[in-house]
There are 2 protein chains.
Amino acid sequence: MLSIDLRDARPIYEQIADGIEQMAMHGIYQPDEQLPSVRQLAMELSINPNTIQRAYAELEHRKVTYSVKGKGSFISKDCQQLRIRKLSEIKKQLRNVAEQAVELGASRQQLIEWIQEKGE
Amino acid sequence: MLSIDLRDARPIYEQIADGIEQMAMHGIYQPDEQLPSVRQLAMELSINPNTIQRAYAELEHRKVTYSVKGKGSFISKDCQQLRIRKLSEIKKQLRNVAEQAVELGASRQQLIEWIQEKGE
DNA sequence: TAACTGTAACAACGCAAATAGTACAGTTGG
DNA sequence: CCAACTGTACTATTTGCGTTGTTACAGTTA
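Residues numbered from 1 in each chain as written. Chains lettered and ligands numbered in written order. Predicted model: local features only at pLDDT ≥ 70, side-chain atom pairs only at ≥ 80, totals over all residues. Heavy atoms only, no water.

1. Re the overall build of chain A
Stage number 1. A count of helices and strands for chain A gives five helices and two strands.
Stage number 2. Each helix and strand of chain A, placed in order from N terminus to C terminus, yields the pattern α-α-α-β-β-α-α.
Stage number 3. Against the compact-globule benchmark of 14 Å for 120 residues, chain A has a radius of gyration of 18 Å, which places it well outside the compact range.
Stage number 4. Each of the 120 residues in chain A was classed as buried or not, and the buried ones make up 38%.
Stage number 5. Within chain A, contacts between residues separated by at least 24 positions form 48% of all contacts whose residues are at least 6 apart in sequence.
Stage number 6. When the accessible surface of chain A is summed, it comes to about 7,600 Å², and 49% of that surface belongs to carbon and sulfur atoms.
Stage number 7. For chain A, the distance from the average position of its 17 positive side-chain charges to the average position of its 17 negative side-chain charges is 7 Å. (Helix = DSSP H or I, 4+ residues; strand = E, 2+ residues; numbered from the N terminus. Rg over C-alpha atoms; globule rule 2.2 N^0.38 Å. Buried < 20%, exposed > 50% of the residue type's maximum accessible area, 1.4 Å probe, protein only. Contact = heavy atoms within 4.5 Å. Areas by Shrake-Rupley, 256 points an atom, 1.4 Å probe, with all protein chains shown as cover. Lys, Arg positive; Asp, Glu negative; His and termini not counted. Charge placed at Lys NZ, Arg CZ, Asp CG, Glu CD.)

This is the structure we're talking about:
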């Protein structure tokens, strides 16, 4: 479920966009499934409609959703491809962080152990 | 060399703090080595001295440097311990990113291959 | 036609980052 | 001692961003 954390450093519209993107990537939202309307979600979260609109615009820009005037906003049809694109971003991040670790003196073997460690 | 990127999302004082911390971690700055004075660095970078002061305060808070009134700001004596602390932060980041990748469908084996791939 | 949808525009507010200027306090070398 | 350097503190101001509140327009649907 979508929730807003005011202590979160991210702005509200970004939390909403990230949350919905997560749900789409994880299959909680299905392709072509309709999102709650701008005004309805604004009511539910007690947030100004403009903020929701901005979140939806961000989602559309990320190609996670598409919007149709008068009808609503919907999850994109090709979530699979989006997941792959997202994964490739995360690969970059991973390699970036790994490089930083190596520069600070960690061995590649060490990194692998860190990834394989279980828990918490 | 320290440089400021105005397109960078991070505030200037943070860019400066990060940059100096990097140099300290990588041994470019030696323990007890003196940093440029607040006013001198402000001149060099064409930035207000207050911004530099804030960066130096941040560095002191991170225990990367220590300051002495009337004398100057200096790199901490125990850079080694700082390097280890920094490395443990990076470990957290690595495990965090790895978890995200797994949630999106990557296998742990896949992550290990990504880390071992030689850089593009 | 009424009630819903997305979209656009504008003013207002709060907040944090950054700037600007001034002042105070400690150290150092001549 | 003194001038010139160091860090530090404080206040006022500007700027940009996020959010709110409001109003309005355009398209869809029952």
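After presenting the structure, the write-up continues.
2. Concerning the interface of chain B and chain A
Stage number 1. Between chain B and chain A, the residue contacts involve 27 residues of the former and 28 residues of the latter.
Stage number 2. In total, chain B and chain A occlude about 3,000 Å² of area from one another, counting both sides; carbon and sulfur atoms represent 67% of this.
Stage number 3. In terms of surface lost to chain A, no three residues of chain B exceed Leu104, Trp114 and Ile115 of chain B, which account for 25% of the buried area on that side.
Stage number 4. For the pair chain B and chain A, the interface holds four salt bridges.
Stage number 5. Linking Glu117 of chain A and Lys91 of chain B is a salt bridge whose minimum nitrogen-to-oxygen distance equals 3.3 Å.
Stage number 6. Connecting chain B to chain A are twelve residue pairs in polar contact (both at pLDDT 80 or more).
Stage number 7. Secondary structure elements with two or more residues in the side of chain B that touches chain A: helix H4 (79-103) and helix H5 (108-116) of chain B.
Stage number 8. A per-element tally of the side of chain B that touches chain A places H4 of chain B first, with 13 residues. (Buried area = accessible area lost by both parts, 1.4 Å probe. Salt bridge = Lys/Arg side-chain N within 4 Å of Asp/Glu carboxyl O. Polar contact = N/O pair within 3.5 Å; in protein donor to acceptor, adjacent residues only side chain to side chain.)

3. Comments concerning the relation of the copies chain B and chain A
Stage number 1. For the pair chain B and chain A, the relating rotation is 178°, the translation along its axis is 0.0 Å, and the fit reaches an RMSD of 0.4 Å. Between the two chains, the operation in question is that of a two-fold axis.
Stage number 2. A shared interface surface links the copies, since 100% of the contact residues of chain B are contact residues in chain A too. (Least-squares fit on C-alpha atoms with pLDDT ≥ 70 in both.)

4. Some details on the protein's contact with DNA strand D
Stage number 1. Around DNA strand D, a shell composed of 25 residues is seen, among which Ile12, Asn48, Asn50 and Thr51 of chain A together with Arg39 of chain B lie nearest.
Stage number 2. Near-protein atoms of DNA strand D (within 4 Å) split between backbone and bases, with sugar and phosphate holding 59%.
Stage number 3. Within the side chain of Ser37 of chain B, an N or O atom sits 3.1 Å from a phosphate oxygen of DNA strand D.
Stage number 4. Take Arg39 of chain B: an N or O atom from its side chain is 2.9 Å from a base oxygen of DNA strand D.
Stage number 5. Across the surface near DNA strand D, the residue classes break down as six nonpolar, eleven polar and eight charged. (Near = heavy atom within 4 Å. Nonpolar A, V, L, I, M, F, W, Y, C, P; charged D, E, K, R; others polar.)

5. Considering H5 of chain B
Stage number 1. Listed in full, the buried residues belonging to H5 of chain B are Leu111, Ile112, Trp114 and Ile115 of chain B. Around the axis of H5 of chain B, the buried residues are gathered within 155° of arc, so they sit on the same side.
Stage number 2. Where H5 of chain B is buried, its residues contact helix H4 (79-103) and helix H5 (108-116) of chain A together with H4 of chain B. (Arc of directions from axis to C-beta.)

6. Regarding the domain arrangement of chain A
Residues and elements named next belong to chain A.
Stage number 1. Domain annotation for chain A reports domain 1 (12-77) and domain 2 (80-117).
Stage number 2. Once you take the C-alpha centre of each, domain 1 and domain 2 turn out to be 29 Å apart.
Stage number 3. Contacts between the two partners involve six residues from domain 1 and, on the opposite side, four residues from domain 2.
Stage number 4. Between domain 1 and domain 2 the total buried area reaches about 400 Å² when both faces are included, carbon and sulfur atoms providing 67% of it.
Stage number 5. The three residues of domain 1 that bury the most area against domain 2 are Glu21, Met25 and Lys63, which together make up 83% of that side's buried surface.
Stage number 6. In this structure, the connection of domain 1 to domain 2 is made through one salt bridge.
Stage number 7. The salt bridge partner of Lys86 is Glu21, with a shortest N-O separation of 3.3 Å. (Domains from an automatic or database assignment.)

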